[in-house]
Amino acid sequence: MAKFQDVGKARRRARQARRTYPFTRPQELGSPEVRHFPVVIAGGGPIGLATAVDLARHGIASVVLEKTNTVSDGSRAICWAKRTLEILDRLGTGEQMLAKGITWNQGYVYFGNDPEPLYTFDLLPDKEQKFPAFINLQQYYAEEYLVEKLAACPDSELRWQNEVVGVENGTQGVRVTARTPEGEYRLDCDYLVAADGCRSPVRTMLDLDFEGRVFEDHFLIADVRMKADFPAIRRFWFDPPFNPGRTSLIHKQADDVWRIDFQMGWHVDREEALKEENVDRMVRAFLGPDIDFEYEWVSLYTFQCRRMQHFVHDRVIFAGDSAHLVSPFGARGANGGLQDVDNLAWKLALVLKGKAPPALLASYDAERIQGADENILNSSRSTDFMTPKSEVSLAFRNATLELARDFPFARRFVNPGRLSVPCVLDGSPLNTPDEDRFTDRQRPGAPCIDAPVRVAGKDMWLLKQLGDRFVGLYFADGAAPKDVPGVEVLTVSSGFAANLQDCKGLVAKHFDAKPGTFYLIRPDQHVAARWRRFDPARVGTALARARGGSNALA
Amino acid sequence: MPGKLRTEPGVADPDAFYARLIELHEGLSQDESNKLNAKIILLLANQVGDDAALQEILEYARNSLKK
Ligand SMILES: Cc1cc2nc3c(=O)[nH]c(=O)nc-3n(C[C@H](O)[C@H](O)[C@H](O)COP(=O)(O)OP(=O)(O)OC[C@H]3O[C@@H](n4cnc5c(N)ncnc54)[C@H](O)[C@@H]3O)c2cc1C
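Residues numbered from 1 in each chain as written. Chains lettered and ligands numbered in written order. Predicted model: local features only at pLDDT ≥ 70, side-chain atom pairs only at ≥ 80, totals over all residues. Heavy atoms only, no water.

## Here we look at the overall build of chain A
Helix and strand counts for chain A stand at 14 helices and 26 strands. In terms of C-alpha radius of gyration, chain A reaches 24 Å, essentially the compact-globule figure of 24 Å for 554 residues. Taken over the C-alpha atoms alone, chain A extends approximately 70 × 65 × 45 Å along its principal axes. The buried share among the 554 residues of chain A stands at 60%. Looking at chain A alone, contacts between residues at least 24 apart form 71% of all its contacts between residues at least 6 apart. Carbon and sulfur atoms provide 49% of the accessible area of chain A, an area that totals close to 21,600 Å². Across chain A, the centroid of the 71 positively charged side chains sits 2 Å from that of the 74 negatively charged ones. (Helix = DSSP H or I, 4+ residues; strand = E, 2+ residues; numbered from the N terminus. Rg over C-alpha atoms; globule rule 2.2 N^0.38 Å. Buried < 20%, exposed > 50% of the residue type's maximum accessible area, 1.4 Å probe, protein only. Contact = heavy atoms within 4.5 Å. Areas by Shrake-Rupley, 256 points an atom, 1.4 Å probe, with all protein chains shown as cover. Lys, Arg positive; Asp, Glu negative; His and termini not counted. Charge placed at Lys NZ, Arg CZ, Asp CG, Glu CD.)

Shown next, in the form of structure tokens:
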């Protein structure tokens, strides 16, 4: 069962050998009783799977309904950003991703037939991080790791070949109809997370739609398996001799698989373009006659930068591609979607446990729309630069590239994709604005930056100590201050006695901390509030605010 | 080359500026676009003022087309 039908004529040589998972007859089939789950998740792609794993960490049972019987059959997402790896590390698959993936930090940008790059960039300004700026790994690995992780969560279920075909949304809950090879059945849930991808049937069932732009261009993606000693960097061409007037990209993935990407223009005949001999011609022009390769996946894409107007609709919440779509040049699709998960799971859990008002979920809408808009803006700009829509924009584009040969300033205007960085949730209703003076970097709304720390004499990473609950970081030598209900306070200092020994002084540096500084950190590792002095009353107020205005403490 | 010319990045948000510049041309005919560009160049020249720098820019731009 192929997940994506558009593999085209080269399919005969493309491999699709991921394992399939068995269908298990759900106990609800044929039973008059309608079972109730706190959360049902439509779609078992990376976003749906990660949502289930994250919810399980918060003790919330869920069931994932996945239409097909396998993971992504093409590589699809290959670039996973540092923040994504940090989120996956919290969920327990970050280290697997890192071990299997290809670490890269550098991008080279070429222009025309000049074998020397126009310029190069380095993605990691902060050293001493657990995770690199990016790794490359086929999407199916990311999904397989999450499937395994989910299997180890006793109260969560993943049901293959269960397709969501009906949704009755209400103010009190949702009734979901699922179709299986052996018949249909229904489930009730408090919330339905729609993670059913860009064509989201759930979105259609609710009569909702996307707003935004579709780019009039096609891109041919050929993932090939070959032994090549090309460097593991992102190499991007404007107007290369092997694809004149257009762009191309090559990037290494795990298992000797390489992504090759060709801009094709708007007026292509899909059938023709995907014919094996035509794909061969493109790939050969790039690789030359001597390299042996096999196809792993071939596809032809048009790109869109669009989103839903709102992600939360009563009891149905959209996440990932169902909610927003970007062109892949910033690698912002799955990376953006995993930030949705990170943002949503703890909120949903607090609401379901009655520890926060349902209004907290409105902040998911606000914060992730902000994130989606940032991703859409950056991806649209990159796509506009690569595919100029008018003669004058083409002239500016080419002038920019030519100037970039000679002048550093012009390199900043060259846009071969602005790669995914986490969204700083400036202006979020959950933030408590600064009263004291601090540097901007770890301002309310920013995700925490990782740093090495020592815990009970052992080398660890800061981010592993944060997350899943509200944490107070208290920069002090003395004892932790009196507890604030609902917050676990950790002391940070250069001394051994602290909960977190700031062995390299980097935590204090990143957080612009002085003795007495106190940070309140959300379960998704974003800063909620910070002060120069610890004041339990202020922390309590900020905590209530970060929980959507609730006064109900843990 | 550079004598007088500023070649290090000077625009704070290059992506935003570039996008605005391109948007400015949206819906214009080729003639209108040319005129728009001409006006922008003259305004920028006046803003720069410095004769030597302007001379360098003109020469550089012209010579670069011959490459
Ligand atoms: C060529 C290409 C390159 C990309 N590169 C990158 C990259 O480098 N980095 C990056 O971050 N992103 C990248 N992306 C984007 C990334 O692949 C997506 O953003 C990501 O897959 C979104 O995950 P998702 O779980 O929201 O949706 P999907 O992965 O589409 O998963 C949706 C799931 O829902 C299931 N489903 C659909 N309908 C139903 C139903 N009715 N009932 C039950 N299940 C249903 C589907 O079978 C599928 O398993 C790329 C995409 C493409 C196409």
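Now that the structure has been shown, the text picks up again.
## Structural notes on the interface of chain A and chain B
Taken together, the contact between chain A and chain B spans 20 residues of the former and 24 residues of the latter. Both faces combined, the contact of chain A with chain B buries some 1,800 Å², and carbon together with sulfur accounts for 64% of it. Taken together, the connections running from chain A to chain B amount to one salt bridge. Notably, a salt bridge pairs R418(A) with D15(B), separated by 2.6 Å at the nearest N-O pair. Taken together, the links from chain A to chain B amount to four residue pairs in polar contact (both at pLDDT 80 or more). Residue assignment for the side of chain A that touches chain B shows that the elements contributing at least two residues are α9 (360-386), α10 (391-406) and α11 (408-411) of chain A. The dominant element in the side of chain A that touches chain B, judged by the number of residues it contributes, is α10(A), at nine residues. In the side of chain A that touches chain B, the residues fall into eight nonpolar, four polar and eight charged. (Buried area = accessible area lost by both parts, 1.4 Å probe. Salt bridge = Lys/Arg side-chain N within 4 Å of Asp/Glu carboxyl O. Polar contact = N/O pair within 3.5 Å; in protein donor to acceptor, adjacent residues only side chain to side chain. Nonpolar A, V, L, I, M, F, W, Y, C, P; charged D, E, K, R; others polar.)

## Brief notes about the nonpolar core
Membership of the largest hydrophobic core comes to 94 residues, with the highest contact counts inside it found for W80(A), L192(A) and L520(A). Looking at this core, the element that brings in the most residues is helix α8 (residues 333-352) of chain A, giving 10 residues. Split by domain, the residues of this core number at least three in each of domain 1 (29-100 + 132-210 + 309-378) and domain 2 (452-546) of chain A. Excluding its chain neighbours within four sequence positions, the residues that come into contact with W80(A) are L85(A), M97(A), A133(A), F134(A), I135(A), L137(A), Q139(A), A142(A), A334(A), N335(A) and L338(A). A81(A), F111(A), F236(A) and Y18(B) belong to the second-largest nonpolar core, a separate cluster that totals 29 residues. (Core = buried A, V, L, I, M, F, W, Y, C linked by side-chain atoms within 4.5 Å. Domains from an automatic or database assignment.)

## Thoughts on the packing of helix α1 (residues 46-57) of chain A against helix α4 (residues 139-151) of chain A
Residue and element names in this part refer to chain A. The geometry of α1 relative to α4 is characterised by a closest axis approach of 9 Å and an angle of 25 degrees between their N-to-C directions. Here α1 lies roughly parallel to α4, going by the angle between them. Note that α1 runs across α4; the crossing there is left-handed. On the side of α1, the interface is formed by P46, L49, A50, A52 and V53, while α4 contributes Q139, E143, L146, V147, K149 and L150. For the contact of α1 with α4, the residue count by class is eight nonpolar, one polar and two charged. (Axes fitted to C-alpha atoms, helices over the stretch in contact; angles between N-to-C directions. Parallel < 35°, antiparallel > 145°, perpendicular 65-115°, else oblique. Left-handed = near helix turned anticlockwise from the far one by under 90°.)

## Topic: the pattern of salt bridges
All names here are of chain A. Taken as a whole and judged by the stated rule, the model has 39 salt bridges over all chains. A salt bridge links E435 to R538, with the shortest nitrogen-to-oxygen separation between them at 2.9 Å. Separated by 103 residues along the polypeptide, E435 in the loop between α11 and β20 (452-455) and R538 in helix α14 (residues 536-546) bring together distant segments of the chain. You can call E435 partly exposed: its relative accessible area is 48%. The class of R538 is partly exposed, set by a relative accessible area of 38%. In this structure, a network of salt bridges that share partners links the residues D54, R57, K82, R83, E86, R90, D342 and D468.

## Thoughts on the sheet that holds strand β6 (residues 119-122) of chain A
Residues and elements named next belong to chain A. Taking strand neighbours across the sheet as the criterion, the eight strands line up as β6-β5-β13-β14-β15-β12-β16-β19 in an open arrangement whose pairing is mixed. Only two strands of the sheet have a single partner each, and these edge strands are β6 and β19 (324-325). The pairing of strand β5 (residues 106-111) with β6 spans four bridges and is antiparallel. Within β6, the position partnered with G107 by the bridge is F121. (Pairing = 2+ DSSP bridges.)

## A short note on the confidence of the model for chain A
Residue-level pLDDT values for chain A average 92, and 96% of them are 70 or greater. Counting interchain partners and residues more than four positions distant, the pLDDT-below-50 stretch residues 1-10 of chain A has 39 contacts. (pLDDT = per-residue confidence, 0-100.)

## Overview of the sheet that holds strand β3 (residues 79-81) of chain A
Residue and element names in this part refer to chain A. In space, the three strands of this open sheet follow the order β3-β7-β4, with antiparallel pairing throughout. Edge positions in the sheet fall to β3 and β4 (102-104), since each of these pairs with one other strand and no more. Each strand axis lies, on average, 30 degrees off the axis of its neighbour in the sheet, ignoring direction. Bridge count for β4 against strand β7 (residues 134-136) is three bridges, and the pairing is antiparallel. Within β7, the position partnered with W104 by the bridge is F134. Contacting β3 and β7, α8 crosses the sheet at an angle of about 40 degrees to β3.

## Thoughts on unusual backbone geometry
All names here are of chain A. Of note, the phi angle at D314 is positive, near 50 degrees, even though the residue is not glycine. Although it is not a glycine, D512 adopts a positive phi angle of roughly 50 degrees. With respect to the helices and strands, D512 occurs in the loop between α13 (506-510) and β25 (518-521).

## Overview of the domain arrangement of chain A
Residue and element names in this part refer to chain A. For chain A, the assigned domains are domain 1 (29-100 + 132-210 + 309-378) and domain 2 (452-546). The straight-line distance from the C-alpha centre of domain 1 to that of domain 2 is 30 Å. Taken together, the contact pairs 14 residues of domain 1 with 11 residues of domain 2. Across the domain 1/domain 2 interface, buried area totals approximately 990 Å², and carbon plus sulfur atoms make up 44% of it. Considering only the side of domain 1, the residues that lose the most area to domain 2 are R83, R90 and W346, jointly responsible for 49% of the buried surface there. Here domain 1 and domain 2 share four salt bridges between them. Between K464 and D89 there is a salt bridge whose closest N-O contact spans 3.8 Å. In this assembly, domain 1 and domain 2 are joined by seven residue pairs in polar contact (both at pLDDT 80 or more). Only α1, α2 (82-91), α8 and α9 provide two or more residues apiece to the side of domain 1 that touches domain 2. A per-element tally of the side of domain 1 that touches domain 2 places α8 first, with five residues. Residues that form the side of domain 1 that touches domain 2 fall into these classes: three nonpolar, two polar and nine charged.

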